[in-house]
Amino acid sequence: MASMETAAEHERILREIESTDTNCIGPTLRSVYDGQEHGLFMEKLDVRIRNHDREIEKMCNHHFQGFVDSITELLKVRGEAQKLKSQVTETNRRLQDDGKVLITSMEELKQCRVQQRNIATTIDKLSHCLPVLEMYSRLQEQMRAKRYYPALRTLEQLEQTCLPRAGQYRFCSIMAENIPKLRTQIRDTAMTQLRDFLESIRKHSEKIGETAIKQAQLQRSLDSSVATQPRALFGRRGRKEAAAAATGTGTDSDGQGGSPVSEQDSGILDVEDEEEDDEVPGAHDLVDFSPVYRCLHIYTVLHETLEGYRRYFNQIVGFFVVEDHVLHTTQGLVNRAYVEELWELALSKIVAALRTHSSYCDDPDLVLDLKNLIVLFADTLQGYGFPVSQLFDMLLEMREQYGEILLKKWNITFRQVLDQDNYSPIPVSTEQEYRHYTSQFPLQDPELDKLPFPKKLPFSEFVPKVYCQLKEFIYACLKYSEDLHLSSTEVDDMIRKSTNLLLTRTLSHCLQYAIKKKNVGLAELVQVIINTTHLEQSCHFLEEFISNITNVPPDTVNATKLYGTSTFKDARHAAEAEIYTSLNAKIDQFLQLADYDWLAAVQGGGTLTASDYLIDLIAFLKSTFSVFTNLPGTPIEHATLPGKVAQTACMSACKHISTSLMQLLLDPEVRQISMGALHQLNTDVKECESFARAGPVAGFQGDTLLLAFSDLRQLLELFTQWDWSTYLADYGKPTCKYLRVNPHTALALLEKLFKPMKEMSRKNNVFAQFRKTDRDRQKLIDTVIKQLRNLIAQHHT
């Protein structure tokens, strides 16, 4: 019994030795030596070792052949690997050799491409520069030929068209610098020729007068002989002969007579007849009038200059200063009535001339300088006692013209500002940048002030730029109103009216233009809404700005109010409408990809999945509405308005999707619809409802967004559940389950479903008696159709 226990203990110890980690074998061996049978244990250990050796030998014998085969295969692989290595090395060498040739060819090709690009660039630059050089050469030829009027036209085309296209080149800069000098040269030459003309007039005036008197005398002689001459003689030669007969110096019918007397018909003399008949030359023959016409044309083309007005006023002031001095220093030489009458005559002509010439001016700076010159002219003459109220009245008329010129100028400025804007929030990295923008635009936002840098302003660049331009316009209006002897209230009223025109007409049109551009996306339209909101909030700052520079409180009775609030509100509403339109247009693009199989069979098993186009559409809407409400770097309160716009846009989009799917279902071109197609459409509507239920835009209460799909949902449930008994029984009740299902719509869809079944029944009428279920279903559909028609008739009556 003891030996059995010892053997069992030894077996246990052997198992522990085999299964225990060598680090923990100490206690096990101690238990062996604590006993008295350690020799017997050693025998059992030897037996166990021999058993394991036999097992190892058996296993090696079993796998020896595989090991030998593996070694043999490995030796073969080594030889093949050497061959492969040699082949790869050779292939690499050949590839490198061939690659060198290819690289050389590629470098040559690259160089050729560079040369080709340089040649193309050179040709392009020359195509812009050659017209400039050709036109400048033509200008020089016209100047040498003294063809000054065409030269001015060439100058204008060169300055406005050719030079801007050529680019920034040194010869272009030289030409641009010479253009004003050439204009001055042409103008001075024309004036010199005009002065020469006036001098020639003085030389030939006596001869011209003598000629005119002779013509009058000859005409009187002709009038006395008209009754005795045939009408056929009233040509040029006939009148000469009549004149000769009347004076007794012409030839008679016999061909005898003295030398003929010259005459000119209506002051125009034929040059050929002058040599033939020795006629008296007319004024246009004695004097060359071309300098007059040339000077007129040239000064018509040349713009007005302030120096010309200054000389004009200096001459007038000098004349009346002399008259006033003579009036006050002499007795009886000049009386006051004469001077006053002379001034009234001169004043009317001055006002008429200024109105005419200033109407052609389109430079606001020149109009402003002219206004200042007229004010100085009027104040000077008023100091000598001459009434000048007409001049100030004319200046008020010119102010309207000045305002129109300013509006045109600012229209271009606003267009440039809007075109150059990136329609993204302004990033600011430092306190200096932040103060720079807040100094340009009155942004008062404590929450934004607390945010750390870098941060973003809620508006884009065009907000501070437009605000600054509005202030510049107000300054320009104020400059004209100075020194016109107007009260502060009148100045304030004039500035406010002009600013209102700028807001309601110019800026409003520019904003509408920016909103309606083709390349404006949804994100840009959202930014326009944010921008116009901030500009609208800044209108009271403009009111204060005007009040500060005119010293008129904004709450003054009858003070004109600025229309900026309505202007920016209209622009914001236009941007919102454009968002809804653009979003629906984008939805239509997705819906055009819808390709339903309207005759699809009902699937027996499995779950239907939403259409691919609809999944893409919903992904697009999720991305779009996340942009609407999550503007990076913008405080939460600034996203309030876009959030409201996003709510309206989201509801509009869901309604548009629902309406479009309903139109697809009721499209007259879709003549037949199967239940399988209805199940697929029902799956797509469930996907839309899942999107609406997920709340893509915050702010909707409950399932408000799901109401957009309620018409379609109730219609599909009515057909998929075939719940006609409930619909017909409860129709018209406020608690009706299918309250939104129109009987006309239900009837149209039911007829599309009934049509294929009816046609199938007609084709297979022989076997119809064997399909009792189909016959019952057809009878039920017929009954439902009749009841729907009765319902429609009752509702119609």
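Residues numbered from 1 in each chain as written. Predicted model: local features only at pLDDT ≥ 70, side-chain atom pairs only at ≥ 80, totals over all residues. Heavy atoms only, no water.

Some points on the overall build of the protein chain
A tally of regular secondary structure across the protein chain gives 27 helices and 2 strands. Counting the 797 residues in the protein chain, one finds 36% classified as buried. Within the protein chain, counting contacts between residues at least 6 apart in sequence, those at least 24 apart form 75% of the total. Carbon and sulfur atoms provide 54% of the accessible area of the protein chain, an area that totals close to 48000 Å². (Helix = DSSP H or I, 4+ residues; strand = E, 2+ residues; numbered from the N terminus. Buried < 20%, exposed > 50% of the residue type's maximum accessible area, 1.4 Å probe, protein only. Contact = heavy atoms within 4.5 Å. Areas by Shrake-Rupley, 256 points an atom, 1.4 Å probe, with all protein chains shown as cover.)

Quick word on the nonpolar core
Counting 155 residues, the largest nonpolar core has Ile-579, Leu-621 and Phe-625 as the members making the most contacts within it. With 13 residues, the single largest contributor to this core is helix α13 (residues 389–420). The next biggest cluster of nonpolar side chains, apart from the first, holds 18 residues, and it includes Tyr-136, Leu-139, Ala-166 and Leu-182. (Core = buried A, V, L, I, M, F, W, Y, C linked by side-chain atoms within 4.5 Å.)

A word on the pattern of salt bridges
The final tally for this structure, using the stated rule, is 18 salt bridges. The partner of Arg-93 in a salt bridge is Glu-90, and the shortest N-O contact between them spans 2.2 Å. Of this pair, Arg-93 and Glu-90 are both found in helix α3 (residues 38–144), 3 residues apart, which corresponds to roughly one turn of the helix. Overall, the relative accessible area of 42% leaves Arg-93 in the partly exposed class. On the accessibility criterion, Glu-90 (32% relative accessible area) is partly exposed. A salt bridge links Glu-689 to Arg-713; the nearest nitrogen and oxygen atoms lie 2.9 Å apart. Of this pair, Glu-689 sits in helix α23 (residues 675–693) while Arg-713 sits in helix α24 (residues 710–720), placing them 24 residues apart in sequence. (Salt bridge = Lys/Arg side-chain N within 4 Å of Asp/Glu carboxyl O.)

Looking at a negative patch on the surface
Together, Asp-362, Asp-363, Asp-365 and Asp-369 give the surface a local cluster of negative charge. Examined against the element boundaries, Asp-363 turns out to sit in the loop between α11 (336–358) and α12 (364–383). Classification of Asp-363 by relative accessible area gives partly exposed; the value is 34%. (Patch = residues over 30% accessible without salt bridge, like charges linked within 9 Å, V, L, I, M, F, W, Y side chains within 5 Å. Lys, Arg positive; Asp, Glu negative; His and termini not counted. Charge placed at Lys NZ, Arg CZ, Asp CG, Glu CD.)

A look at the packing of helix α18 (residues 522–537) against helix α19 (residues 539–550)
As a packed pair, α18 and α19 sit with axes 4 Å apart at the nearest point and diverge in direction by 35 degrees. Across the interface between the two elements, Leu-535, Glu-536 and Gln-537 from α18 touch Cys-539, His-540 and Phe-541 from α19. Of the residues that constitute the contact of α18 with α19, the class distribution is 3 nonpolar, 2 polar and 1 charged. (Axes fitted to C-alpha atoms, helices over the stretch in contact; angles between N-to-C directions. Nonpolar A, V, L, I, M, F, W, Y, C, P; charged D, E, K, R; others polar.)

Some words on the packing of aromatic side chains
Using the criterion set out here, one finds 23 aromatic pairs in the structure. Ring geometry for Phe-441 and Phe-459: centres 5.2 Å apart, planes at 65 degrees, overall edge-to-face. Of this pair, Phe-441 sits in the loop between α14 (431–440) and α15 (446–450) while Phe-459 sits in the loop between β2 (455–456) and α16 (462–481), placing them 18 residues apart in sequence. For the residue pair Phe-441 and Phe-459, the accessibility class agrees, reading buried in each case. Where Tyr-475 meets Phe-545, the ring centres are 5.3 Å apart and the plane angle is 85 degrees; that geometry is what we call edge-to-face. With Tyr-475 in helix α16 and Phe-545 in helix α19, this residue pair connects regions lying 70 residues apart in the sequence. For Tyr-475, a relative accessible area of 37% puts it in the partly exposed group. Taken together, the ring pairs in this structure connect Phe-719, Trp-722, Trp-724, Tyr-727, Tyr-731 and Tyr-738 into an aromatic cluster. (Phe/Tyr/Trp six-rings, centres within 6.5 Å; stacked < 30°, edge-to-face > 60°.)

Brief notes about the side chain of Ser-460
Locating Ser-460 in the fold gives a position in the loop between β2 and α16. Apart from residues no more than four positions distant in its own chain, Ser-460 is found in contact with Asp-421, Asn-422, Tyr-423, Ser-424, Ile-426, Gln-527 and Asn-531.

What about a nonpolar patch on the surface?
A cluster of nonpolar side chains, contributed by Phe-64, Phe-67, Ile-71, Leu-74, Leu-75 and Val-77, occupies part of the molecular surface with about 610 Å² of accessible area. Here Val-77 shows up in helix α3. The exposure class of Val-77 is partly exposed, given its relative accessible area of 48%.

Considering the packing of helix α10 (residues 306–329) against α12
For the pair α10 and α12, the least separation of the axes is 11 Å and the interaxial angle reads 5 degrees. Put simply, α10 runs roughly parallel to α12. In this structure, α10 contributes Leu-306, Tyr-309, Arg-310, Phe-313, Ile-316, Val-317 and Phe-320 to the contact, and α12 contributes Leu-366, Asp-369, Leu-370, Leu-373, Ile-374, Phe-377, Thr-380 and Leu-381. (Parallel < 35°, antiparallel > 145°, perpendicular 65-115°, else oblique.)

Some details on unusual backbone geometry
The omega torsion across Phe-453 and Pro-454 is -5 degrees, close enough to zero to call that bond cis. By the secondary structure assignment, Pro-454 is in the loop between α15 and β2. The phi torsion at Tyr-423 lies on the positive side, around 55 degrees, for a residue other than glycine. Tyr-423 gets classed as buried once you look at its relative accessible area, which sits at 11%. At Asp-483, a position not held by glycine, the phi torsion is positive, near 65 degrees. Considering the arrangement of structural elements, one finds Asp-483 in the loop between α16 and α17 (488–516). Residue Asp-483 is classed as exposed on the basis of its relative accessible area, which comes to 52%.

Comments concerning helix α4 (residues 148–166)
Maximal helix bending in α4 amounts to about 40 degrees, located at Leu-158. Restricting attention to buried positions, one finds in α4 the residues Tyr-148, Ala-151, Leu-152, Thr-154, Leu-155, Leu-158, Cys-162, Leu-163 and Ala-166. Just past α4, the residue Gly-167 takes up positive phi, approximately 105 degrees. (Bend = angle between axes of the 7 residues up to and from the residue.)

Details of the environment of Ser-611
Inspection of the secondary structure puts Ser-611 in the loop between α20 (564–591) and α21 (612–629). On the basis of relative accessibility, which here comes to 15%, the residue Ser-611 falls in the buried class. Along the chain, Ser-611 and Ala-594 lie 17 residues apart, while their C-alpha atoms are 7.9 Å from each other. Separated by 3.5 Å, the side chains of Ser-611 and Gln-680 make a polar contact. Only 2.8 Å separates the side chain of Ser-611 from the side chain of Asp-684, close enough to count as a polar contact. (Polar contact = N/O pair within 3.5 Å; in protein donor to acceptor, adjacent residues only side chain to side chain.)

Section: the confidence of the model for the protein chain
For the protein chain, mean pLDDT is 79; residues scoring 70 or higher make up 81% of the total. Predicted confidence is poor over residues 631–640, with pLDDT under 50, and the contacts of this stretch with residues over four places away or in other chains come to 13 contacts. (pLDDT = per-residue confidence, 0-100.)

Concerning the side chain of Glu-576
Here Glu-576 shows up in helix α20. Lacking a salt bridge, the buried Glu-576 has Arg-572 as its closest oppositely charged neighbour, with an N-O distance of 4.2 Å. Not counting the four nearest positions on each side in its chain, Glu-576 is found in contact with Ile-529 and Val-645.

Re the environment of Lys-146
Tracing the sequence through the fold places Lys-146 in the loop between α3 and α4. Taking relative accessible area as the criterion, Lys-146 reaches 54% and is therefore assigned exposed. C-alpha separation for the pair Lys-146 and Ile-186, spaced 40 residues apart in sequence, amounts to 9.1 Å.

Structural notes on α14
Within α14 the residues assigned to the buried category are Tyr-434, Tyr-437 and Thr-438. Along the axis of α14, the buried positions cluster into a sector of 100 degrees, meaning they face one direction only. Counted as exposed and oriented over 90 degrees from the buried face of α14: Gln-432 and Ser-439. Of the surrounding elements, those touching the buried residues of α14 are β1 (427–428), α15, β2 and α16. (Arc of directions from axis to C-beta.)

A short note on the environment of Ile-546
Positionally, Ile-546 belongs in helix α19. Through-space distance from the C-alpha of Ile-546 to that of Arg-496 is 7.8 Å; in sequence the pair is 50 residues apart. In contact with Ile-546, not counting residues within four places along its chain, are Ile-474, Asp-492, Ile-495, Arg-496, Thr-499 and Leu-562.

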